[in-house]
Amino acid sequence: MSAALRDGSVLWLWGDTAARHDDGSLAYFTIGTASWSEAGTPLVSRDTAGPDGAAPGPFAVPDSVRCPHTHQRAGTWPTAAVVQPVGPRDRVVAWLAVVCFGEGDRRATDMGMGVAEWWYDPADPPRGRSIVATWLNQRLFPAATFGSAAATTPDGRIVTEWCERPEDPTDTDGFGPCAAATTTFDRVADPTSYVDADGRAVTASTVGARHSVGTPFRLEGGAATPYPPGPFSIAFEPHLDAWVMVTSPWPGQVPFVAVRIAERPEGPWSGPLTVRLPGCSDRRGELHLGCYAANVQPRFSEPGRLGIGWYDTAVELFPIRGAFKVATIPYS
């Protein structure tokens, strides 16, 4: 995910960060990192990995979370971020899926959704320093739905969305229906502040239930692939004068991205416009190497073109290396 800051620079939030040696072995693997890009070079990630290959540190460590298995460790995946201008600084509020991983085990245990903040001062940018968030609530909701998205409305509210996800990730048609709620910056860490369009509180018991707002819809399915599918995202596109949703069809790793539009962030949303992505149908033997984690990138939009991003699992094949890519797609 990315957050555009007031001076044109960008805060990037990553799910996993890894580097590999030439023989394909891992040099490091860190769950949930952050990096910063200067305004003039928004696609150059100024991370904190040193020349000796030292691993960048995590953006937020869920230190109050106890994993259910002794071989697991806790980490976070970012799902959404919004920016609040406060005086001369920017306050970035980020929602983080808290997960527990085991060494060599690709399965993740859902430990809930947390929310954290990070402050940016244009007069003192984080050059060469670790970017570390401060927790506001490590367990905002008990379920960390991967379909979380957030954006600010013109009147300064925060709108959040999520989609019910199937217990079985191979259930490609079981994602949804989706729901929306609003909150405010000053109460973003209070789960009781999240209310639907009718003012009903979205409590822990209703998150994950079929508690839809507007016109319920389901997101189309993709190939049956392992976690993580990556979040979906929403943003207001001023050049289009509409809200835009960008997503990789559940559960991800497909050669295309789906785009929807709406007059309101709560929907109803249009049907999907499918946009094929280059280099997202690679194979190595029997291994399918697709793309996932598609999201909207408003920092790179311009009149007539929408900024999007996605993760390509294979930009190199020997050894396999992936990278996040950014592009624009035309619209009329």
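Residues numbered from 1 in each chain as written. Predicted model: local features only at pLDDT ≥ 70, side-chain atom pairs only at ≥ 80, totals over all residues. Heavy atoms only, no water.

Participant: Sorry, what's going on with the overall build of the protein here?
Facilitator: Summing up its helical and strand segments, the protein has zero helices and 19 strands in all. The buried share of the protein, reckoned over its 332 residues, is 51%. By sequence separation, contacts in the protein at least 24 residues apart represent 57% of the contacts at least 6 residues apart. Just so you have it, the protein exposes about 14900 Å², and 52% of that area is on carbon and sulfur atoms. (Helix = DSSP H or I, 4+ residues; strand = E, 2+ residues; numbered from the N terminus. Buried < 20%, exposed > 50% of the residue type's maximum accessible area, 1.4 Å probe, protein only. Contact = heavy atoms within 4.5 Å. Areas by Shrake-Rupley, 256 points an atom, 1.4 Å probe, with all protein chains shown as cover.)

Participant: Help me understand the side chain of glutamine 297, please; the structure alone is not making it clear to me.
Facilitator: Among the structural elements, glutamine 297 can be located in the loop between strand E17 (291-296) and strand E18 (305-317). Its relative accessible area of 0% is what places glutamine 297 among the buried residues. Of note is the side chain of glutamine 297, whose polar atom sits 2.5 Å from the side chain of serine 2. With residues near it in sequence (within four places) discarded, glutamine 297 still touches Ser2, Trp12, Gly307, Ile308, Gly309 and Phe324. (Polar contact = N/O pair within 3.5 Å; in protein donor to acceptor, adjacent residues only side chain to side chain.)

Participant: Which parts of the structure should I look at to understand the environment of arginine 129?
Facilitator: Secondary-structure assignment places arginine 129 in the loop between strand E6 (105-120) and strand E7 (134-141). When the C-alpha positions of arginine 129 and serine 35 are compared, they lie 9.5 Å apart, and in sequence the two are 94 residues distant. Here the side chain of arginine 129 touches aspartate 124 through a polar contact of 3.4 Å, landing on its backbone oxygen. Among the polar contacts listed, one links the side chain of arginine 129 to the backbone oxygen of proline 125, at a separation of 3.5 Å.

Participant: Quick question: what am I supposed to make of the sheet that holds strand E11 (residues 233-237) here?
Facilitator: Where strands meet in a sheet, backbone hydrogen bonds hold them as pairs that are either parallel or antiparallel. Here we have four strands laid out as an open sheet, ordered E11-E12-E13-E14, and antiparallel in their pairing. Among the strands making up the open sheet, the edge pair consists of E11 and strand E14 (273-276). Strand-to-strand twist across the sheet, computed as the mean angle between neighbouring axes with direction ignored, equals 30 degrees. Sheet topology places E11 next to strand E12 (residues 242-247); five bridges connect them, and they run antiparallel. By the bridge assignment, serine 233 is partnered in E12 with valine 246. (Pairing = 2+ DSSP bridges. Axes fitted to C-alpha atoms, helices over the stretch in contact; angles between N-to-C directions.)

Participant: For this particular structure, what's the right way to read the side chain of glutamate 117?
Facilitator: You can see glutamate 117 is positioned in strand E6. Apart from the residues lying within four places of it in its own chain, the contact partners of glutamate 117 are Arg91, Val92, Ala133, Thr134 and Leu136.

Participant: Explain the environment of serine 233 to me, please; I cannot follow it from the model alone.
Facilitator: Along the chain, serine 233 turns up in strand E11. On the accessibility criterion, serine 233 (4% relative accessible area) is buried. Separated by 64 residues in the primary sequence, serine 233 and glutamine 297 have C-alpha atoms spaced 9.0 Å apart. Not counting residues up to four positions away in its chain, the partners in contact with serine 233 are Met1, Ala149, Val244, Met245, Val246, Asn295 and Val296. Reaching out from serine 233, the side chain makes a polar contact with the backbone nitrogen of valine 296 at a distance of 2.7 Å.

Participant: For this particular structure, what's the right way to read the confidence of the model for the protein?
Facilitator: Atom-level detail of predicted coordinates should not be read off regions where pLDDT is low. Chain-level statistics for the protein give a pLDDT mean of 84 and a share of 86% at 70 or above. No element of the protein has a lower mean pLDDT than strand E16 (residues 287-289), which averages 76, and none a higher one than E7, which averages 95. For residues 208-215, every residue scores under 50 in pLDDT, and the model assigns this stretch 23 contacts once sequence neighbours within four places are set aside. (pLDDT = per-residue confidence, 0-100.)

Participant: Honestly, the pattern of salt bridges in this entry has me stumped. Any pointers?
Facilitator: When the charged atoms of two side chains lie near each other, side chains of opposite charge can form a pair. Enumeration over the complete set of coordinates arrives at ten salt bridges. Ionic pairing is found between arginine 127 and glutamate 38, a salt bridge with its closest N-O pair at 3.3 Å. Pair noted here: arginine 127 is in the loop between E6 and E7 and glutamate 38 is in the loop between strand E3 (26-37) and strand E4 (72-86), with a separation of 89 residues, a long-range link. Under the relative-accessibility criterion, glutamate 38 is labelled partly exposed at 23%. Notably, a salt bridge pairs aspartate 312 with lysine 325, separated by 3.3 Å at the nearest N-O pair. Here aspartate 312 is found in strand E18, whereas its partner lysine 325 is found in strand E19 (residues 320-330), with 13 residues between them in sequence. Given a relative accessible area of 31%, lysine 325 falls into the partly exposed group. (Salt bridge = Lys/Arg side-chain N within 4 Å of Asp/Glu carboxyl O.)

Participant: Please clarify how the packing of aromatic side chains should be interpreted in this entry.
Facilitator: Any pair of aromatic rings gets described here by the distance separating the centres and the angle formed by the planes. Counting across every chain of the model gives ten aromatic pairs. Between the aromatic rings of tryptophan 14 and phenylalanine 324, the centroid separation amounts to 5.7 Å while the plane-to-plane angle is 75 degrees, which identifies the pairing as edge-to-face. A residue pair is termed long-range when its members are at least 10 positions apart, and tryptophan 14 in strand E2 (residues 10-20) and phenylalanine 324 in strand E19 qualify at 310 residues. Under the relative-accessibility criterion, tryptophan 14 is labelled partly exposed at 22%. (Phe/Tyr/Trp six-rings, centres within 6.5 Å; stacked < 30°, edge-to-face > 60°.)

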